[in-house]
Amino acid sequence: MGRQLLLDKVNVAGINTYDVYRKEGGYRSVEKALKKMTPEEVLEEVKTSGLRGRGGAGFPTGMKWSFIAKPEGVPRFLLCNADESEPGTFKDRYLMEKIPHLLVEGMVTSSYALGANQGYIYIRGEYMYVLRILEKAIAEAYQNGWLGKNILGSGYDFDLAVTCGAGAYICGEETALIESLEGERGNPRIKPPFPAVKGLWQNPTVVNNVETIAAVVPIINDGGAEYAKIGIGRSTGTKLISASGNINKPGVFEIEMNITVEEFIYSDQYCGGIKNGKKLKACVPGGSSVPILPHYLVCKTAAGQDRLMSYESLADGGFATGSMLGSGGFVVYDEDQCIVRNTWNFTRFYHHESCGQCSPCREGTGWMEKVLHRLEYGHGKMEDIDLLWDIQRKIEGNTICPLGDAAAWPVAAAIRHFREEFEWHVNEPVRCLEKNYGLVAEKVFEPVTA
Amino acid sequence: MEAVKQTTEFTPEMLAEVDRIIKLFPEGKQKSALLRVLHIAQAHYGWLDVPVMDYIARLLHIQPIEVYEVATFYSMYDTVPVGKVKLEVCRTGPCAIEGAEKIISYIENKLGIKDGETTADGIFTLKSVECLGACGYAPMLQCGEKYHEHLTEEKVDALIEAYRKNPKANYMGM
Ligand SMILES: Cc1cc2nc3c(=O)[nH]c(=O)nc-3n(C[C@H](O)[C@H](O)[C@H](O)COP(=O)(O)O)c2cc1C
Ligand code: FES
C-alpha cells in the first residue's frame, strides 16, 4: 500500500470521536494556519500542492480559491459538497462516517484561507445517519474551541453547520446545490455569474468536494511541496477510489496516482482481481458519467503504454481511446455483463435525475432510455444505433449544466467501443435475452416506465 | 378545522429541532431550513400531506406553494401515502450487475406487491431507487436511516420479519 494521507488513521479505535482524533494529531492544521500563517500563505500552500478538485472535474483548488471575490463588507461562504450521488462513488460517505473531524478540520483551515466566516456541509438526504455523525463532531469542535468566535485567540470567527438534500443527483452540481441550500428546487443556474462572485444568497462562495477539503489538512500540516511530491505530473497527492462491480475486494482505497490500473485491479492490496476467476470485459474508471473503456484499453493506452490511475493517463487518447478519473468511482465489468443493458441502466438514471430545465437533456435522456430499452429487450432496429448516436450528440454541450454531457458520454462511448454488441442485440434478439439474465419472454414487451 | 390542526401540528420536540435548524442560517434565510424540516415531518407522519405542508409554510413564514414545489422536486419526499416501512432498493449499474434485480423481484414475490406499491396491511412499500452511495457493498437497500448491504434472500427474509414486528425500528438504527 502506498502513502495514506487521509485514511492512515481510519482503523484507530475511536478515531470518530474528538478525543482520539485530537490525540492522534487532529486539528494541528488549524493551529498552524491560525497561529503561524496568513490566509494568503495558506492559499499559497494549496496552490503549491497542486491539489485538484476531487468532485469530478479536477479543477485546481488553489486557483479556484483565488477567484473568490472580496468586496468590502460582503460575507463569503465555503460550501462542502457532500451530495455524492454519481453512480459508482461512495468514498465521501466512508470518509465522513469514519473520520468526521477530518472534514470539520479541513473546513476551518480552508475557510480561513478564503476569509469565510460561515460554512455549510451539504449532504445528500439519504446519508441522514452521517449527517448526525457530522453534527456530533461539529458540536465537539465547538466545545473544544475549534469553531465559533475568536478561534485560538486569533480573532478569526468561523461557524459551521450541516444541511441536507432529499434525493436529487443534480444537487451535486454546484449551482443546483446552492439553490437547494436556499430551500429551492435543485435547478442549476446559468453561469456567469460564477459562485465565486455570486453564490449562496448572491454572496461570493466556494464549493468543494469532501475529499478536496479533507486533503487541505495534510497539505497544511506537511507543506504543499511535500504533498506535490506524491503522485505523478499534475496528479499530485493521493486519491480515494471507490471500487465496485465484479471484483474480489470492493471498497474504498486511498492510492498514490502513479500506480498502474493493472495493479489496482489485480493486486490483493486493492481490488484483488476479477471475481469468480472471470475475465475483465470493461471498466468505468471515474463514475457513471465517464466513458466506458473496453478491456484492451483498461490497462494499456492506445499507444501501448501502461495506463496509470492518474488524471492524465486515464484521459490519454481523449474520448476516442481514453476516459476520465472523474470522481474516482471505479466500476469493473466481467465477461458476463451486457454493455447495452448497463448503458440503458445508466441512461434511465440520467433521465430520472434530469432537472427538466433544458429540453435537450429532459427530452433527450428519456428518448435515449426508450431506444436503449427496446434494443435491450429484443425489438430494436439497426437504425436505432445511429439514432442514439445522433441524440447524444445533440444533448452534449447544449444544456445549462454538465448533466447533459454526463448523460451523453456513456452512450457515445458504449457505441464507440461496443457497436458489435449493439448490432448483436438487433440480429439475435432472443439469444441476447437468454444470455442477459435469462429473462422470460413476457418481459420483452414491458413498456418503458420513466 | 380543529381535527386537522391536531394532526398537523409538530410535537414540542419537533418544534425545538425546527428552531435549532432555522438558527443555523442567517436571519431572514429561514427558507434554507425547508428540506430538513420536510424530513422531520416525513419521519413523523410517514408522508407529506397538504395540511402538513401548509403548516410548515406557516412555520417558516413562506408561501404554501414554495413548500409544494420543493416537496415534489426531491425523490425522497412522498406526497402520497406510503407504508410504515419503505424498502428502497438501489437499482443502478453497480448494484444491478451484482443482482439488484433479483432482490427486487424476490421482495415483490415475497410481499405480493410490485415496485412502487404498498402491501394491503399498509406496512411495506417497495421502491426501487437510484444509487445510494454503497455500490461496493451491493446489492443494498435503505430502510429509514439504515443501510442494509450485501443483501441475500436470507437477509431480506430476516429484515422483513424484524420490521414487521417493529415498523419503527428503521428510525432507531436497527
Ligand atoms: C450533475 C452533476 C453532479 C455532480 N455531483 C457532484 C457530487 O455529488 N459531489 C461533488 O463533490 N461534486 C459533484 N459535481 C461537481 C460539482 O459541480 C463541483 O464541480 C464540485 O463540487 C467542485 O468541487 P471540487 O473542485 O472540490 O471538485 C457534480 C457536477 C454535476 C454537473
Ligand atoms: S449503484 Fe447501488 S449504491 Fe451505488
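These notes cover the structure that comes with them. (Residues numbered from 1 in each chain as written. Chains lettered and ligands numbered in written order. Predicted model: local features only at pLDDT ≥ 70, side-chain atom pairs only at ≥ 80, totals over all residues. Heavy atoms only, no water.)

A look at the overall build of chain A
Note the threshold: Helix numbers and strand numbers start at the N terminus; a helix is a DSSP run of H or I with at least 4 residues, a strand a run of E with at least 2. Radius of gyration: C-alpha atoms only; globule rule: 2.2 Å multiplied by the number of residues to the exponent 0.38. Buried means the residue's accessible area, taken with a 1.4 Å probe over protein chains only, is under 20% of the maximum for its type, while exposed means over 50%, and partly exposed covers the values in between. Throughout, a contact is declared for two residues whenever any of their heavy atoms are within 4.5 Å. Using the Shrake-Rupley algorithm and a 1.4 Å probe, accessible areas are obtained, with residue cover drawn only from the displayed protein chains. When charges are counted, Lys and Arg contribute as positive and Asp and Glu as negative, whereas His and the chain ends are disregarded. By convention, the point assigned to a charge is CZ for Arg, NZ for Lys, CD for Glu and CG for Asp.
Counting its secondary structure elements, chain A contains 18 helices and eleven strands. Taking 450 residues into account, the globule formula puts the C-alpha radius of gyration at 22 Å, and chain A, at 23 Å, falls close to it. Expressed as a percentage of the 450 residues in chain A, the buried residues total 62%. By sequence separation, contacts in chain A at least 24 residues apart represent 70% of the contacts at least 6 residues apart. Total accessible area computed for chain A in this model is approximately 16300 Å², and 52% of it derives from carbon and sulfur atoms. Computed over 48 positive and 56 negative side-chain charges, the inter-centroid distance for chain A is 1 Å.

Let's talk about the site of ligand 1
All names here are of chain A. The following threshold applies: Near is defined per residue: the residue qualifies when any heavy atom it owns lies within 4 Å of the molecule or strand. Between N or O atoms, a polar contact is any pair within 3.5 Å; within protein, one atom must be a potential hydrogen donor and the other a potential acceptor, and residues adjacent in sequence are included only when both atoms are from side chains.
Of all residues adjacent to ligand 1, which total 18 residues, the nearest are Gly55, Asn81, Asn208, Asn209 and Thr212. Within the side chain of Lys64, an N or O atom sits 3.0 Å from an oxygen atom of ligand 1. Residue Gly172 places a main-chain N or O atom 3.2 Å away from a nitrogen atom belonging to ligand 1. The protein chains hide 89% of the 610 Å² of surface that ligand 1 would expose on its own.

What about the sheet that holds strand S3 (residues 141-143) of chain B?
Residue and element names in this part refer to chain B. To keep it simple, the criterion reads: Pairing between strands is defined by DSSP: at least two bridges between them are needed. With axes taken as lines fitted to C-alpha atoms, and helix axes fitted only over the stretch in contact, angles between N-to-C directions fall between 0 and 180 degrees.
The mixed open sheet is built from four strands, whose spatial order is S2-S1-S3-S4. Among the strands making up the open sheet, the edge pair consists of strand S2 (124-129) and strand S4 (146-148). If you compare each strand with its neighbour and ignore which way they point, the axes differ by 25 degrees on average. Taken together, the two bridges between strand S1 (residues 85-90) and S3 define a ladder with antiparallel strand orientation. Bridge assignment links Val89 to a residue of S3, and that residue is Leu141. In this fold helix H8 (residues 153-165) packs onto S1, S2, S3 and S4, with an angle of close to 155 degrees to the strand it touches most, S1.

Quick word on a nonpolar patch on the surface
What counts, and what does not: What goes into a patch is any residue over 30% in relative accessible area without a salt bridge, connected to like charges within 9 Å or, for nonpolar side chains (Val, Leu, Ile, Met, Phe, Trp, Tyr), within 5 Å. Here, a salt bridge means any Lys or Arg side-chain nitrogen found within 4 Å of an Asp or Glu carboxyl oxygen.
Together, A:Phe59, A:Met63 and A:Phe67 make up an exposed nonpolar region whose accessible area comes to about 290 Å². For A:Met63, a relative accessible area of 38% puts it in the partly exposed group.

Regarding the sheet that holds strand S7 (residues 238-245) of chain A
All names here are of chain A. One open sheet holds the five strands; their spatial order is S8-S7-S11-S9-S10, and the pairing between them is mixed. Strands at the two margins of the open sheet, each flanked by one partner only, are strand S8 (251-256) and strand S10 (293-294). Pairing of strand S9 (residues 280-284) with S10 involves two bridges; the strand directions are antiparallel. Counted as the bridge partner of Cys283 is Leu293 from S10.

Concerning the pairing of strand S11 (residues 329-334) of chain A
Residues and elements named next belong to chain A. The buried count for S11 comes to six of six residues, which makes it a mostly enclosed element. Of the two faces of S11, the one holding Gly329, Val331 and Tyr333 and the one holding Phe330, Val332 and Asp334 are both buried throughout. Sheet topology places S7 next to S11; four bridges connect them, and they run parallel. Across the sheet, residue Ala243 finds its bridge partner in S11, namely Phe330. Here S9 runs beside S11; their pairing, made up of four bridges, is antiparallel. Residue pairing in the sheet places Val284 in a bridge with Val331 of S11.

Let's talk about the packing of helix H6 (residues 100-114) of chain A against helix H9 (residues 210-222) of chain A
Residues and elements named next belong to chain A. The condition is simple: Reported orientations rely on four angle classes, namely roughly parallel under 35 degrees, roughly antiparallel over 145, roughly perpendicular from 65 to 115, and oblique for the rest. Classification used: nonpolar for Ala, Val, Leu, Ile, Met, Phe, Trp, Tyr, Cys and Pro, charged for Asp, Glu, Lys and Arg, polar for all others including Gly.
Two numbers describe how H6 lies on H9: the axes approach to 8 Å, and their chain directions differ by 75 degrees. Judged on the interaxial angle alone, H9 and H6 are roughly perpendicular. Two secondary-structure elements touch here, H6 through Leu102, Leu103, Glu105, Gly106, Met107, Thr109 and Ser110 and H9 through Val210, Ile213, Ala214, Val216, Val217 and Ile220. Classifying every residue of the contact of H6 with H9 by side-chain character gives nine nonpolar, three polar and one charged.

A look at the interface of chain A and chain B
Here is the rule we go by: Summed over both partners, the accessible area lost on bringing two parts together, with a 1.4 Å probe, is the buried area.
The interface is formed by 60 residues belonging to chain A together with 39 residues belonging to chain B. Buried surface at the junction of chain A and chain B, both sides included, amounts to about 4000 Å², of which 54% is carbon and sulfur. The interface formed by chain A and chain B includes seven salt bridges. In this structure, A:Glu184 engages B:Lys31 in a salt bridge whose closest nitrogen and oxygen atoms are separated by 2.9 Å. Taken together, the connections running from chain A to chain B amount to 25 residue pairs in polar contact (both at pLDDT 80 or more). Tallying contributions element by element places helix H14 (residues 339-353) of chain A first for the side of chain A that touches chain B, with eight residues. Among the residues forming the side of chain A that touches chain B, the class breakdown is 27 nonpolar, 20 polar and 13 charged.

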